[in-house]
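# Residue-level structure breakdown
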Amino acid sequence: MSSPAISPDPKSGPASKAAPASGQAAPPSAGAAPAPSPDAHPGPAVRVSGDGRRAVVIGSGFGGLALAVRLQAAGIQVTLLEKREKLGGRAYQLKDRGYVFDMGPSLITAPHIIDAVFQAAGRRMEDYIELMPLDPYYRIYFHDGTHIDYVGDPDRMKAQMRQFSEEDADAFDDFMAKAQPIYDAVIGDRLGSKPFDTVKSMVEFIPKMIQLDAYRPVANFVNRYFKDFRHQFVYSFHPLFVGGNPFHTPSVYLMIPYLERRGGVWFSRGGMYTLVEALEKLLTELGGEIRTSCEVSSIGVEDGRATHVVAGGERFDADLVVSNGDVGHTYRDLVEPRHRKKWTDRKVAKVDYSMSCFLLYLGTRRQYPELEHHTLILTERYRGLLNDIFKKKILPDDFSMYLHVPTRTDPSMAPEGCESMYVLIPVANLESGIDWEEHREAFTEKVLEFLEEWGMEGLREDLEVCHVMDPTHFRDDLNSTVGNAFAVVPKFTQTAWFRPHNRSEDVDGLYLVGAGTHPGAGVPGVFLSAETTYGCIAADLGLADQWDWNEPGRVELDPHRARHEAAERTAT
């Protein structure tokens, strides 16, 4: 077994796509030009509207990469700066002895939102990555040994629910009918793609939240429809995937289960890191510059405007600066206090940052067919456990966990007959004062023992690879304030206008993108944040829109879709 305390392996080098399963067509390699679709533009598609202006993007998470592509496609010359040796941010990759691990995001929902980035560059997503639909979306094991396979098909869901409550199954359609208008507002009306940077925008939003009951806590909303504890969990747990407590997160986030029903849940063959590689490839094709092992030490401000970035001892001049870094780190550590009237050190410290995570990356010489690609194993406590994590900030004796087992879908992510998985346990962030140097080894052993007793026989005996990531790694590797895993808690007082704005309130020409700004965390959220922030920049610099605001937003892929008119202009 390898050392239990490890940061991403610096020797792994640039990740490569894993081989496809037998009988599957291989996706384009990261080093070769993609096979173009009939109407794809074969070379760099750079607009001239940028007029020679330059942008520096700090950080290469999905939000930073997506916005860098949008800006480069609009003619802004982009330099992307990344602290670590490889791109990806939280979507990093770890390889060890033939096992391939996605270290963060593990699923794709709303694939059209991702495809829109490729469309903005005159490309098609399917020429760069291969998406694999998942069924079930998740398998959820409860403390009493029962389980539910969470799927998008309403009839299959209701059939499972009837095993536990006829009344709940009968309420399913009413619940989804109530969730649909929330989805229509956030996605269809593109509220997730529009900046909330004026009081007026929030004043106009609040009546809609009240009308939709979207201000109520998610668990409160769900419990009005479902009485069985299983169903209450199944339709309220999604805020945990974006760093929120379902008992405090507003029900605007109930658009997620409806979004999954509409757009499905997907995985990228070879792992989620192939999406990082695809965006990296697209950005360089468009002419963007990427600098890795280049940590930013400061954002230069002159006369109230961001003018440059200092990284690795080098100055990068810019007409605009975008930070995909942690919001607290961006303001507190990169911008001098004299330039921050709103985001003072005191305000940064008062932000409610999300919980953190304890993760085990396990490679086993045997497989565990009882695990689906996404599996949740729950303790009996729900609200009490979350209270311990979010409010008391203690390390309780019990825990619930999420397992990502990509080998269930893509066997190439582990040696033949083996299993690649990660185990994620929500834990308090470093405001807890928990000494992870002291607890790391014992907690690792406790988790492995629990999994064996739960049913994963011979786990420790057949364990070939074990790496650990805890809140200190979020702090040290990702510059994440108090080791948070999902940026800013999505409670009402940190939603929409109350979140850090996409356009800096303190420094002209400084913009934010990613989980810490609007609309929030999660893969769709950070891709939408790139849309929002691009819209701010486009308005400020007179750039062209990259989508049609009169067209309703959507999440599902249309195989017969035409590219947006803006993308057609980009490709000519």
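A brief structural summary. The shown structure was predicted, so the numbers you read here are calculated from the model rather than taken from an experiment.

On to the overall build of the protein chain. Helix and strand counts for the protein chain come out as 16 helices and 20 strands. In the protein chain, which comprises 572 residues, the share counted as buried stands at 62%. Here the protein chain has roughly 21,200 Å² of accessible surface; of this, 50% comes from carbon and sulfur atoms.

Take the sheet that holds strand S13 (residues 314–317) next. In a beta sheet, neighbouring strands are held together by backbone hydrogen bonds and run either parallel or antiparallel to one another. One open sheet holds the 3 strands; their spatial order is S11-S12-S13, and the pairing between them is antiparallel. Lying at the two open borders of the sheet, with one neighbouring strand each, are strand S11 (296–302) and S13. Pairwise comparison of adjacent strand axes, ignoring direction, gives a mean angle of 30 degrees for this sheet. As paired elements, strand S12 (residues 305–311) and S13 share 4 bridges and run antiparallel to each other. Note that in S13 the partner of Val 310 across the bridge is Arg 315.

Bringing the packing of helix H1 (residues 62–73) against helix H2 (residues 111–120) into the picture now. For any two helices packed against each other, the geometry comes down to the angle between their axes and how far apart the axes lie. Contact pair H1 / H2: the axes reach a minimum separation of 9 Å and the direction vectors enclose 25 degrees. Between H1 and H2, the interaxial angle falls into the category roughly parallel. Once H1 is placed against H2, the crossing between them reads as left-handed. On the side of H1, the interface is formed by Ala 66, Val 69, Arg 70 and Ala 73, while H2 contributes Ala 116, Val 117 and Ala 120. Across the contact of H1 with H2, the residue classes break down as 6 nonpolar, no polar and 1 charged.

Take helix H12 (residues 383–392) next. Regarding H12, the residues found buried are Leu 385, Leu 386, Asp 388, Ile 389 and Phe 390. Buried residues of H12, viewed axially, fall in a sector of 165 degrees; they line one side. Exposed and oriented more than 90 degrees from the buried face of H12 are Arg 383, Lys 391 and Lys 392. In this structure, the buried side of H12 is in contact with strand S18 (419–427). Lys 393 occupies a position one or two residues after H12 and carries a positive phi of about 55 degrees.

Counting buried residues in S12 gives 5 out of 7 residues, a clear majority hidden from the surface. Where S11 and S12 come together, 6 bridges link them in antiparallel fashion. Its bridge partner lying in S12, Ser 298 is registered against Val 310. Count of turn residues in the S11/S12 antiparallel hairpin: 2 residues, of which Asp 303 carries a positive phi of about 55 degrees. Connecting S12 to the next strand, S13, in antiparallel fashion are 2 residues, including Gly 312 with a positive phi near 60 degrees.

The residue Asp 388 is located in helix H12 in this model. Residue class for Asp 388 comes out buried when judged on its relative accessible area of 6%. Not counting residues up to four positions away in its chain, the partners in contact with Asp 388 are Arg 381, Lys 393, Ile 394 and Pro 396.

Glancing now at the sheet that holds strand S17 (residues 401–404). In space, the 7 strands of this open sheet follow the order S8-S7-S16-S17-S18-S15-S19, with mixed pairing throughout. Each end of this open sheet is capped by a strand with a single partner; those strands are strand S8 (147–150) and strand S19 (463–469). Across this sheet, the average inter-strand angle for adjacent strands is 20 degrees, counted without regard to direction. Looking at chain direction, strand S16 (residues 374–377) and S17 are connected through 4 bridges and run antiparallel. Across the sheet, Thr 375 pairs through a bridge with Leu 403, a residue of S17. Helix H14 (residues 471–478) rests against strand S15 (356–364), S18 and S19 of the sheet, and its axis sits at about 95 degrees to S15.

So, on to unusual backbone geometry. Residue Pro 136 is reached from Asp 135 by a cis peptide bond, and omega for that bond is 5 degrees. Along the chain, Pro 136 falls in the loop between strand S6 (131–133) and strand S7 (138–141). Cis peptide bonds are those with omega within 30 degrees of zero, and the linkage from His 518 to Pro 519 qualifies with 5 degrees. Along the chain, Pro 519 turns up in the loop between strand S20 (510–512) and helix H15 (523–541). Residue Ala 487 is not a glycine yet carries a positive backbone phi of 75 degrees. Exposure remark for Ala 487: the relative accessible area of 9% places this residue in the buried category.

About the cut-offs
Residues numbered from 1 in each chain as written. Predicted model: local features only at pLDDT ≥ 70, side-chain atom pairs only at ≥ 80, totals over all residues. Heavy atoms only, no water. Helix = DSSP H or I, 4+ residues; strand = E, 2+ residues; numbered from the N terminus. Buried < 20%, exposed > 50% of the residue type's maximum accessible area, 1.4 Å probe, protein only. Areas by Shrake-Rupley, 256 points an atom, 1.4 Å probe, with all protein chains shown as cover. Pairing = 2+ DSSP bridges. Axes fitted to C-alpha atoms, helices over the stretch in contact; angles between N-to-C directions. Parallel < 35°, antiparallel > 145°, perpendicular 65-115°, else oblique. Left-handed = near helix turned anticlockwise from the far one by under 90°. Contact = heavy atoms within 4.5 Å. Nonpolar A, V, L, I, M, F, W, Y, C, P; charged D, E, K, R; others polar. Arc of directions from axis to C-beta.

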